[in-house]
Amino acid sequence: MSEEFYRMKRLPPYVIAEVNAMRAAARAAGEDIIDLGMGNPDLPPPDHVIDKLIEVARKPDAHGYSQSKGIPGLRKAQANYYARRFGVDVDSESEVVVTMGSKEGLASLATAITAPGDVVLAPNPSYPIHMFGFIIAGATIRSVPTTPDEQYFRALDRAMAFTVPRPSILVVNYPSNPTAETVDLAFYERLVAWAKENKVWVLSDLAYSELYYDGNPTPSILQVPGAKDIAIEFTSLSKTYSMAGWRIGFAVGNKQLIAAMSRVKSYLDYGAFTPIQAAACAALNGPQDIVAKNRELYHKRRDVLVESFGRAGWDIPAPRASMFAWAPLPPALKDMGSLEFSKQLLTHAKVAVAPGVGYGEDGEGFVRIAMVENEQRLRQAARNVKKYLQSMGVNTPAKGAA
């Protein structure tokens, strides 16, 4: 009985878990670790959302099985969000399903529509579920770049021309986790036309739809006329309303994909706890000032991160969206590799970041920095990083302390 299970053989060790284990051990030893590794919001949900959770949880009939595809009121609230935010009409009955976070949704859809040997185009680097949800389902992954330029479309065309069997699914994720890259509506228009021509389903992960900066709202692929013929899109309340642990997300779009996903989910779960779904309705239907407030807060953190780390001797490009910065390793330490660099930062600077290689081989040379600590802690992280860089002989600008 020593033979490893089939699907376990297809899953590599979770590289990021290695750094997470080191961080946990350091904290258990009493060390003050500034955790910029996991994208775990440090802000609470709005009060009226928590109040609704408590109110519904006190009802004696609220504790039975819920609905796998989500309660009707929550699906309608999501349809209203798409109309309000993107100007997209969505049928809440046939084009919306509630998921337990977008991660579960992507995995359930992969199970529903993937046959062993299917080829799926997934970005590299990417959030792990974009690749491994399909690998678990038996598919083969062909990587495409994340940067949405001409090279991206050339890579798509090459994949269609030289891959057997021809790819049938494409995963896109903008704003990107981990790279924070963004796209405009023209990109989606071109992508939808390409997908229709090549008979490819498009799965769009829009988890960071509301964390955009500099006055540039992120578009939805469903804004493209006819996109629902080939596309489904995943969103989440995790970052928008600081409800990560509540595990509420949505899939919206193509009826055939929604039906397949709903059928698989009906075998796997009974849906989220009803009071949580009711509270999620309150989040989507209630006052939206929290969304703008969170965006402004992350925007300020972004500016503090870029400015203070830059003065510490580490130049980090300012992300245009998401709660992450995708930071190239300091040039003098690039040969160390992202995993070792992350371990060194944790050990010597007491700062946790996520190694880029954990998001795919093309993530090597970068780390992902999550803006999930307040401005004071970010400045403290910069001071710690500066000392570490100086100890490694990396020249730092003489502009004063970070």
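Residues numbered from 1 in each chain as written. Predicted model: local features only at pLDDT ≥ 70, side-chain atom pairs only at ≥ 80, totals over all residues. Heavy atoms only, no water.

Let's talk about the sheet that holds strand 12 (residues 366-370)
To keep things clear, this is the line we draw: One requirement defines pairing of two strands: DSSP has to find at least two bridges between them. Numbering of helices and strands runs from the N terminus, with a helix taken as a DSSP run of H or I at least four residues long and a strand as a DSSP run of E at least two residues long.
Here three strands make up an open sheet; going across it, the order is 9-12-11 and the pairing antiparallel. The open sheet is flanked by strand 9 (324-328) and strand 11 (354-355), the only strands paired with a single partner. Alignment of strand 9 against strand 12, held across five bridges, turns out to be antiparallel. Within strand 12, the position partnered with Trp326 by the bridge is Arg368.

With respect to helix 13 (residues 375-391)
Put simply, the test is: Under the convention used throughout, the expected extent of a helix is 1.5 Å for every residue step, that is, one less than its residue count. Throughout this description, buried means an accessible area under 20% of the type-specific maximum (1.4 Å probe, protein chains only), exposed means over 50%, and partly exposed covers the range between. Should any heavy atoms of two residues lie within 4.5 Å, those residues are counted as being in contact. Counting of polar contacts relies on pairs of N or O atoms within 3.5 Å, with two restrictions inside protein: one atom must be capable of donating a hydrogen and the other of accepting it, and residues adjacent in sequence are counted only when both atoms are side-chain atoms.
Here helix 13 is 17 residues long and its end C-alpha atoms lie 25 Å apart, about the 24 Å a rise of 1.5 Å per residue gives. Taken as a whole, helix 13 has its buried residues at Leu378, Ala381, Ala382, Asn384, Val385, Lys386, Tyr388 and Leu389. In this structure, the buried residues of helix 13 make contact with strand 1 (34-35), helix 11 (289-311), helix 12 (338-349) and strand 10 (351-352). With a side-chain oxygen lying 3.1 Å from the backbone nitrogen of Gln376, the N-terminal cap of helix 13 falls on Asn374.

Digging into the layout of surface pockets
Selection rule: Lining residues are defined by having an atom within 4 Å of a point belonging to a cavity or pocket. Those points lie on a 1 Å grid over the protein atoms alone, cavities being sets where a 1.4 Å probe fits but cannot get out and pockets being open sets with protein on both sides within 12 Å along at least five of seven lines. Grid points are joined across faces, edges and corners, and a volume is the space filled by probe spheres set on the points. Residue classes follow a fixed rule: Ala, Val, Leu, Ile, Met, Phe, Trp, Tyr, Cys and Pro count as nonpolar, while Asp, Glu, Lys and Arg count as charged, and any other residue, Gly among them, counts as polar.
By volume, the largest pocket is sized at about 560 Å³. Where the lining of the largest pocket is concerned, the elements lending two or more residues are helix 2 (15-28) and helix 5 (101-113). For the lining of the largest pocket, the leading source of residues is helix 5, giving four residues. Residue composition of the lining of the largest pocket, grouped by class: twelve nonpolar, ten polar and five charged. Roughly 310 Å³ of internal volume is contained in the second largest pocket. Every residue lining the second largest pocket is counted, 18 residues in all, and those nearest its centre are Pro12, Tyr14, Pro128, Phe132 and Gly358. Looking at which element gives the most residues to the lining of the second largest pocket, the answer is helix 6 (residues 128-136), with five residues. Per-class residue counts for the lining of the second largest pocket are 13 nonpolar, three polar and two charged.

Quick word on empty space enclosed by the protein
Applying the stated criterion across every chain, the model contains two cavities of 30 Å³ or more. By volume, the largest cavity is sized at about 70 Å³. In this structure, the largest cavity is lined by Gln78, Tyr81, Ser209, Glu210, Thr235, Ser236, Leu237, Thr240, Tyr241, Phe250 and Leu284. Looking at the lining of the largest cavity, the elements that each hand over two or more residues are helix 4 (72-86) and strand 7 (231-236). In terms of residue class, the lining of the largest cavity is made up of five nonpolar, five polar and one charged. Reported here for the second largest cavity is a volume of approximately 40 Å³. Lining the second largest cavity we find Pro123, Pro125, Ser126, His130, Thr146, Val172, Asn173, Tyr174, Ser176 and Asn177. Its residues placed into classes, the lining of the second largest cavity shows four nonpolar, six polar and no charged.

A word on the pattern of salt bridges
Heads up, the condition is: Just to be clear on terms, a salt bridge is a Lys or Arg side-chain nitrogen sitting within 4 Å of an Asp or Glu carboxyl oxygen.
By the definition in use, this model includes 22 salt bridges. Here Asp35 makes a salt bridge to Arg23, at a shortest N to O gap of 3.3 Å. Highlighted residues: Asp35 in strand 1 and Arg23 in helix 2, separated in sequence by twelve residues. Accessibility classification places Asp35 together with Arg23 in one group, the buried group. For the salt bridge of Arg190 with Glu150, the shortest nitrogen-to-oxygen distance reads 2.7 Å. Of this pair, Arg190 sits in helix 8 (residues 185-198) while Glu150 is found in helix 7 (residues 150-162), placing the two residues 40 residues apart along the sequence. Look at Arg190 and you get partly exposed, because its relative accessible area is 37%. Taken together, the salt bridges that share partners define one network made up of Arg23, Arg27 and Asp35.

Some details on the side chain of Arg75
Within the fold, Arg75 resides in helix 4. With a relative accessible area of 2%, Arg75 lands in the buried category. Look past the residues within four positions of Arg75 in its chain and what remains in contact with it is Gln67, Lys69, Gly70, Ser92, Glu93, Val96, Val97 and Val98.

As for the pairing of strand 2 (residues 96-99)
Burial of strand 2 is two-sided: the residues Val96 and Val98 facing one way and the residues Val97 and Thr99 facing the other way are all buried. Note: strand 2 against strand 8 (residues 249-253), four bridges, orientation antiparallel. Residue pairing across strands places Thr99 opposite Gly249, the latter belonging to strand 8.

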